[in-house]
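# A look at the structure
What follows is each chain in one-letter form.
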Amino acid sequence: MGLRLPSKVLEHILSFIDSNEDRNSVSLVCKSWFETERKTRKRVFVGNCYAVSPAAVAKRFPGMRSLTLKGKPHFADYNLVPDGWGGYAWPWIEAMAAKCPSLEEIRLKRMVVTDECLEKIAASFKDFKVLVLTSCEGFSTDGIAAIAATCRNLRVLELRECIVEDLGGDWLSYFPETSTSLVSLDFSCLDSEVKISDLERLVSRSPNLKSLKLNPAVTLDGLVSLLRRAPQLTELGTGSFAAQLKPEAFSKLSEAFSNCKQLQSLSGLWDVLPEYLPALYSVCPGLTSLNLSYATVRMPDLVELLRRCSKLQKLWVMDLIEDKGLEAVASYCKELRELRVFPSAPDLDEANIPLTEQGLVFVSKGCRKLESVLYFCVQFTNAALLTIARKRPNLKCFRLCVIEPFAPDYKTNEPLDKGFKAIAEGCKDLRRLSVSGLLSDKAFKYIGKHAKKVRMLSIAFAGDSDLMLHHLLSGCESLKKLEIRDCPFGDTALLEHAAKLETMRSLWMSSCFVSFGACKLLSQKMPRLNVEVIDEHPPETRPESSPVERIYIYRTVAGPRMDTPEFVWTIHKNPEIGVSHLAIK
Amino acid sequence: MGGLRLRVPLLSPCLFLAFHAPDNTSLSSFNPNFDAPLYIYISLPISLNSSTKLTKNKNNKNKNKNNSNKEHKKHTQEGNTKIDIDQKAMAYEKVNELNLKDTELCLGLPGRTEEIKEEQEVSCVKSNNKRQFEETREEEESTPPTKTQIVGWPPVRSSRKNNNSVSYVKVSMDGAPYLRKIDLKTYKNYPELLKALENMFKVTIGEYCEREGYKGSGFVPTYEDKDGDWMLVGDVPWDMFSSSCKRLRIMKGSDAPALDSSL
C-alpha cells in the first residue's frame, strides 16, 4: 500500500462533509475510510426502517447524534395502508439506547411510537434535545409528559399531524420550572385544552423560544397573552380564531401581533373569521411562510391579506382562493417558491369553486422563483401544462391532482400526455412528480425518457398497459420511490425490470393487475428485495394469475421482517415454503 | 397489417367515426375503392380491447355528448377478475394487429359487447364496490358512483377532509320542484339564514319564537342533525346549529307535525 492518510487528518477532512450521500461514497473508498467515516458520522438517515436492522445501524454509527427514520409507505397518508401494517419505532429506540447513548435528536415519520418508546427515550439519552414526530401514531399525552418531565435540555418538541391518544392537557405542566431551553414547541395536533397559565409560564422562562404552534383549544385571549410574553417568535401557529369579535379583543390582538417584529411564519388559523384578518396585517410584510390551508376564508379577504405579503416564499391555501386570488398572488408575491392549493370540499362532487387551471398558470407566469407546486383542481388542460412548463423550467416539485379520475383535457378531450411531456422535458431539475387525469402509455414514455432527476413519482388511474410501467422502469434514471394505484397492468414490466427495483428505495402498487404468480417469481429472482403482499385473503387460496390487492416491494439488507400482521404476506425466497407472514405469534 | 375489410354502404360520417378510436392509425390505411362508388371499405381498427382502454372517462359532464364517440366501460369488483396472463401479453401487440375477437361482426359500437367486459377490469374501488361508468347519467342530482366512493381519493390527509370548512347543505322545500344548496358558513346567524331562504324560495317564513316556533307564516324550517333527527331551526345557538346541520327542509305549515305536543 502507498501513502495512507492519518486517521486524524481524515477525520478533520470529513468534519466538513455533511451530506450523507457524500459520506456514503466516502465509506466505499477503502476499509480505513469506511472506519473513520462511520465513527464520525453524526447525522444518520434511514429512509425505510425495514431496509436495514436497527442493531446494524447502531453498531456502525456509535457516535450518532441525530437519527431520522421513515416507516410506512407514503400512501398511508391517504388510508391505503391498513392499520397494524408495521413501522414500529421500538426496536430502533431499544437498539440506540443500548449502543448510542449520546443520541440527541430523533425524527420519525409515519411510524408507530408507543408511550413505552417515549419513556425509553426520556430515560436513555442524557442530553436529549430534539424530538420531531411527523404523521406518527400509537402514543398518548402520557408519553409526551415523560419527555417533558425528564429531558432537561429539551430544545425541540414537535408533534406534526400525529394521531395521539389525548388524555388531557396535563402533559404541559410536566415541564419542570427549571427548564429554560425550549426553542420549538408544536402541539397543534392535540385536542385537549392545556392550562394557559402553565403555558404562559413555560413561554416566559424560555428566552430562546422561536417557534410555537398551538392547538385549536387555545383561545384568542390565550394567544394574546402568549404573544406578549414571546415577541421574539419567528414561527407561530395560532389556536382557534373563531371567537366572537369584540372590538377590545381585536385591538389587543392587533397590538400583540405588531410587537412580534421577527415573525416569519404563520399557520393555524383554524376557522378564522375574516374580521380578524386585519389584526395580522402588521406582520404580513415580514412573512415568508403562510399556511392558510385551514382558514375557511373567501377570496376577497384572502387577497386583502396576501397583497401585503410581498416577501412570501411559501403559501398553503385552499381552493377558496379561486383563480382571481391566485392572479393577485402572482402580482404581489414575487418571491413565491412554494404553492400548495388544497381542495376545500374533497368529498363534494358538486362544489363549484371557481378554481381552474388558470390559477396555476397565473402563478407560473408571475412568480419567477416558483419551484414547488401541489395543486388540486377538478380538471386541467394540456395548454395550461405547456405554459407552466415553458414559464417555469426551474420547477423541482410538481404535483398535480386532477380530482376527477381519468379526466381528459376538458377543452380538447385528449389525454394529458402532451402536457406532462412538456413538464418532463422542460423542467430538467424536477425531483418529484405526481401525475393525474387521463393519461395513456405515451405520457409515461416521455416521462421515462426525460425525467432524469425525478426521485419520487406518484401515479393514479393512468396508463393503458404494461408499457406504462416498462417505460418508467427502463427510463427515470434517478427513480427512488414509485407509488402507483389503480393502473391496469403489472406483471410483465415488473418482471422484466426486476433489477431496477434494487436501485430504488421502494415500489408501491395497489389495485393494479399484479398477480400472485409474478410476486413469487420476483421474490425468487431478487434476493435483496422484500416482496410484501397486503391482502385480506391468503394469496395462496387463489389462482396464481389472480391479482393481489396491494404490493409493497423494497430493497433491504435485513431480510424479511418479523413483525408483519395477518394481512401482510412476505413472499419467501424459497419457492417450496411459498408464502407466510412470519409473525411472531 | 392484416384486417377485416368490410364492405359497407356509405352512410353518414357517424358510422365512419363509430369505428374510429381516438389515436387509431388505421384510418391512414383506409383505401377507397373507386370501382365501387356506392360503398366504402373500412378496415376494422385496433383490437376492441385497446380501443376501449383509451377513453376511460366516465360521466364527465363537460364531455361532448356525441354518442357515437362514447364508449362503455364496465368495471367490476376484484373478486370477479379472471385475468389471463395471455391477455396481458396483448398489451405489447401492435395497434393494428387483430385477434379473433376482432373478426367477429357485431352490431353497435365498439366496446358494447359483453364478452369484452372481463378483459378490461380496472379495479378502481376497494373490493365490494361495483362501479359502472356509463354515459347516460346527465342530471345533476342523480348520484353517479364517483370519487366520494374511492378509498384514499383525492389524496388528501384525513385531517383535511374532516374540515367542515365549506358546509354546503341541501335545502328542500315542500312543493318546490328541485332542491337547492347553500353554504352555511356564509351566514353568521339565524336572521341572515332565514332571509336567504326566504329570498331563495320566495316565501315568508317569519320570525322564530321559542314557544311556538314560526307562527303565522305557514312555513316551518327544519333541519336534520348529525344524529339523523329532524329539529326545528332556531332552538340551539347558531354555532352549534351550523356545525351539526346536515340538511334543511322547509316544511309547509299544514304538514309539519305539532311542535309543542310533547311539552
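A quick note: this is a predicted structure, and the numbers were derived from the prediction, not measured.

As a further point, take the pattern of salt bridges. In total, this model carries 36 salt bridges over all chains according to the counting rule given. The partner of Arg157(B) in a salt bridge is Asp77(A), and the shortest N-O contact between them spans 3.3 Å. Linking Arg157(B) in the loop between strand E4 (131-133) and helix H4 (158-161) with Asp77(A) in the loop between strand E2 (66-70) and helix H5 (90-99), this pair reaches from one chain into another. A residue is classified by how much of its surface remains accessible, and Asp77(A), at 11% relative accessible area, is buried.

Residue and element names in this part refer to chain B. In this structure the tally under the stated criterion is 21 aromatic pairs over all chains. Their ring planes at 90 degrees and their centres at 5.2 Å tell us that Tyr190 and Trp238 sit as a pair that is edge-to-face. Here the residue Tyr190 occupies a position in helix H5 (residues 190-201), and Trp238 occupies one in helix H6 (residues 238-244), the gap between them amounting to 48 residues. The class of Tyr190 is buried, set by a relative accessible area of 13%.

Turning next to the packing of helix H16 (residues 441-450) of chain A against helix H17 (residues 466-474) of chain A. To describe two helices that pack against each other, one gives the angle between their axes and the distance between the axes. Residue and element names in this part refer to chain A. Running from N to C, H16 and H17 point in directions that differ by 5 degrees, and their axes come no closer than 8 Å. Overall, the two elements H16 and H17 adopt an arrangement that is roughly parallel. Residues Asp441, Phe444, Lys445, Ile447 and Gly448 of H16 pack against Leu467, Met468, His471 and Leu472 of H17. Within the contact of H16 with H17, the residues separate by chemical class into five nonpolar, two polar and two charged.

Let's shift gears to the nonpolar core. Judged by nonpolar contacts, the single largest core of 185 residues is most densely connected at Phe257(A), Phe380(A), Phe398(A), Ile459(A) and Leu482(A). Not counting the four nearest positions on each side in its chain, Ile459(A) is found in contact with Val435(A), Phe444(A), Met468(A), Leu472(A), Leu482(A), Glu483(A), Ile484(A), Arg485(A) and Cys487(A). Of all hydrophobic cores here, the second largest spans 25 residues; its members include Leu197(B), Val233(B), Phe241(B) and Cys245(B).

Before going further, it helps to spend a moment on the sheet that holds strand E6 (residues 180-183) of chain B. Residues and elements named next belong to chain B. Spatially, the five strands line up as an open sheet ordered E6-E5-E11-E9-E10, and their pairing is mixed. On the outer flanks of this sheet lie E6 and strand E10 (230-232), each paired with one strand and no other. For this sheet the average axis-to-axis angle between neighbouring strands, irrespective of direction, equals 30 degrees. The sheet contact formed by strand E5 (residues 168-173) and E6 spans four bridges and is antiparallel. Across the sheet, Tyr168 pairs through a bridge with Asp183, a residue of E6.

This part is about the environment of Lys70(A). Residues and elements named next belong to chain A. Tracing the backbone through its elements, the reader meets Lys70 in strand E2. Through-space distance from the C-alpha of Lys70 to that of Tyr50 is 9.1 Å; in sequence the pair is 20 residues apart. Apart from residues no more than four positions distant in its own chain, Lys70 is found in contact with Phe45, Val46, Gly47, Asn48, Cys49, Lys109, Met111, Lys481 and Arg505.

To continue, consider the confidence of the model for chain B. Residues and elements named next belong to chain B. Per-residue confidence for chain B gives a mean pLDDT of 57, with 37% of residues at or over 70. Confidence, expressed as mean pLDDT per element, reaches its minimum in chain B at helix H2 (residues 48-54) with 33 and its maximum at E10 with 91. Long-range and interchain partners of residues 10-102, a stretch whose pLDDT sits below 50, account for 184 contacts in this model, where long-range means more than four residues apart. Across residues 106-148, confidence stays below pLDDT 50; counting only partners more than four residues off in sequence or on other chains, it has 95 contacts.

In this section: a positive patch on the surface. Residue and element names in this part refer to chain A. On the surface, a cluster of positive charge is contributed by Lys334, Lys365, Arg368, Arg390 and Lys391. Along the chain, Lys365 falls in helix H13 (residues 357-366). Lys365 gets classed as partly exposed once you look at its relative accessible area, which sits at 45%.

Here the focus is the pairing of strand E11 (residues 247-252) of chain B. Residue and element names in this part refer to chain B. When E5 meets E11, the two strands line up parallel, connected through four bridges. What sits directly across from Ser172, in E11, is Arg249. Bridge count for strand E9 (residues 219-224) against E11 is six bridges, and the pairing is antiparallel. Bridging from a neighbouring strand, Pro221 pairs with Ile250 of E11.

To continue, consider the pairing of strand E3 (residues 105-109) of chain A. One face of the sheet, then the other: side chains in a regular strand alternate in exactly this way. Residue and element names in this part refer to chain A. Note that E2 and E3 share five bridges and pair parallel. Residue Thr68 lies in a different strand from E3, and its bridge partner there is Arg107. Remark: the E3/helix H6 (residues 115-124)/strand E4 (residues 130-134) crossover connection has right-handed handedness.

Thresholds applied
- Residues numbered from 1 in each chain as written.
- Chains lettered and ligands numbered in written order.
- Predicted model: local features only at pLDDT ≥ 70, side-chain atom pairs only at ≥ 80, totals over all residues.
- Heavy atoms only, no water.
- Salt bridge = Lys/Arg side-chain N within 4 Å of Asp/Glu carboxyl O.
- Helix = DSSP H or I, 4+ residues; strand = E, 2+ residues; numbered from the N terminus.
- Buried < 20%, exposed > 50% of the residue type's maximum accessible area, 1.4 Å probe, protein only.
- Phe/Tyr/Trp six-rings, centres within 6.5 Å; stacked < 30°, edge-to-face > 60°.
- Axes fitted to C-alpha atoms, helices over the stretch in contact; angles between N-to-C directions.
- Parallel < 35°, antiparallel > 145°, perpendicular 65-115°, else oblique.
- Contact = heavy atoms within 4.5 Å.
- Nonpolar A, V, L, I, M, F, W, Y, C, P; charged D, E, K, R; others polar.
- Core = buried A, V, L, I, M, F, W, Y, C linked by side-chain atoms within 4.5 Å.
- Pairing = 2+ DSSP bridges.
- pLDDT = per-residue confidence, 0-100.
- Patch = residues over 30% accessible without salt bridge, like charges linked within 9 Å, V, L, I, M, F, W, Y side chains within 5 Å.
- Areas by Shrake-Rupley, 256 points an atom, 1.4 Å probe, with all protein chains shown as cover.
- Lys, Arg positive; Asp, Glu negative; His and termini not counted.
- Charge placed at Lys NZ, Arg CZ, Asp CG, Glu CD.
- Right-handed = clockwise from strand over helix to strand, strands pointing away.

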